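Here's the letter readout for the chains.
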Amino acid sequence: MKYLVNIIAIVVVVIIVVVAVNYRNNTDKLPFQYEIKKFFDEFSVMIKTRSENVKLEINPSRKKRTTFIDKEESLKQFIPDVFGKFTDSDWKHFWSFVYDPIYDKKSKYGKKRFRTKEEIETFLRDRFPIFNYFDAGHWNYFWSLIGVNF
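Thresholds, definitions, all that
- Residues numbered from 1 in each chain as written.
- Predicted model: local features only at pLDDT ≥ 70, side-chain atom pairs only at ≥ 80, totals over all residues.
- Heavy atoms only, no water.
- 1 Å grid on protein atoms, 1.4 Å probe; cavity = no way out; pocket = protein on both sides within 12 Å on 5 of 7 lines; lining within 4 Å.
- Points joined across faces, edges and corners; volume = space filled by probe spheres on them.
- Helix = DSSP H or I, 4+ residues; strand = E, 2+ residues; numbered from the N terminus.
- Core = buried A, V, L, I, M, F, W, Y, C linked by side-chain atoms within 4.5 Å.
- Buried < 20%, exposed > 50% of the residue type's maximum accessible area, 1.4 Å probe, protein only.
- Contact = heavy atoms within 4.5 Å.
- Expected span 1.5 Å × (residues − 1).
- Phe/Tyr/Trp six-rings, centres within 6.5 Å; stacked < 30°, edge-to-face > 60°.
- Salt bridge = Lys/Arg side-chain N within 4 Å of Asp/Glu carboxyl O.

**Looking at empty space enclosed by the protein**
Inspection of every chain in the model, using the stated rule, returns 1 cavity of 30 Å³ or more. Roughly 40 Å³ of internal volume is contained in the largest cavity. Elements represented by at least two residues in the lining of the largest cavity include exactly α5 (88-99) and α6 (117-127). Ranked by the residues each element gives to the lining of the largest cavity, the list is headed by α5, at 4 residues.

This is the structure:
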């Protein structure tokens, strides 16, 4: 039954596309040409956004590693006051924050993106005051430790 509903929906969309393409430039036969063009423009933007999200999930520019044990130990040595107190759930949240894509709030159709360098730095500065004392050299070393390239 669920396949039948999907097939019917696909057939309806195909019929709408065929009708719109056939009557696209003929204003006599299609009184709502502007509305249909607007609908299909929005529909194409939505499809493009969804396909970009799928591509991002399949081949992300920031690939999450299987294990971060070596990086966690390096971070604990670099800033023991902060990372030395991390629990397993803190590490999981930290790596997800850095490596997982998020939905862009500016996008109408939920486009995914990775957090920018500035967003991550701002979050770390707000949450851990020691990051406020970092200069460019410290940040470069920090990014090399966690393995993120911007």
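Text resumes after the structure shown.
**Description of the nonpolar core**
In terms of nonpolar packing, the biggest core is built from 23 residues, with Leu 75, Phe 83, Phe 94, Phe 131, Phe 142 and Ile 146 touching the most fellow members. Put simply, the parts of the chain that give this core at least two residues each are α4 (80-83), α5, α6 and α7 (136-146). The biggest single contributor to this core is α5, with 6 residues. Residues contacting Phe 83, with those up to four places away along its chain left out, are Leu 75, Lys 76, Trp 91, Phe 94, Phe 131 and Phe 142.

**Description of α5**
Residues separated by three or four positions in an α-helix point in the same direction, a consequence of the helix having 3.6 residues per turn. Here α5 is 12 residues long and its end C-alpha atoms lie 16 Å apart, about the 16 Å a rise of 1.5 Å per residue gives. Buried within α5 we find Trp 91, Phe 94, Trp 95, Phe 97, Val 98 and Tyr 99. The secondary structure elements touched by the buried residues of α5 are α3 (69-78), α4, α6 and α7.

**Details of the side chain of Thr 49**
Tracing the backbone shows Thr 49 in helix α2 (residues 33-58). Assessed through its relative accessible area of 8%, Thr 49 is described here as buried. Every residue in contact with Thr 49, bar those within four places of it in the chain, is listed here: Ser 107, Tyr 109, Gly 110 and Lys 111.

**Examining the packing of aromatic side chains**
In total, this model carries 27 aromatic pairs according to the counting rule given. Seen from their ring centres, Phe 86 and Phe 128 are 5.9 Å apart, and the 40° between their planes marks the pair as tilted. Placement of Phe 86 in the loop between α4 and α5 and of Phe 128 in the loop between α6 and α7 is noted, with a sequence separation of 42 residues between them. With a relative accessible area of 14%, Phe 86 lands in the buried category.

**So, the environment of Ser 144**
Residue placement: Ser 144 occurs in helix α7. Distance in space between the C-alpha atoms of Ser 144 and Ile 58 is 24 Å, their sequence separation being 86 residues.

**Points about the pattern of salt bridges**
Inspection of every chain in the model, using the stated rule, returns 10 salt bridges. Glu 73 is paired through a salt bridge with Lys 76; the nearest N and O atoms lie 3.6 Å apart. Remark: Lys 76 and Glu 73 occur in helix α3; sequence separation between them is 3 residues, near one turn of the helix. With relative accessibility at 38%, the residue Glu 73 sits in the partly exposed group. Taking relative accessible area as the criterion, Lys 76 reaches 27% and is therefore assigned partly exposed. The partner of Glu 119 in a salt bridge is Arg 113, and the shortest N-O contact between them spans 2.8 Å.

These results come straight from atomic positions and should not be treated as a statement about function.
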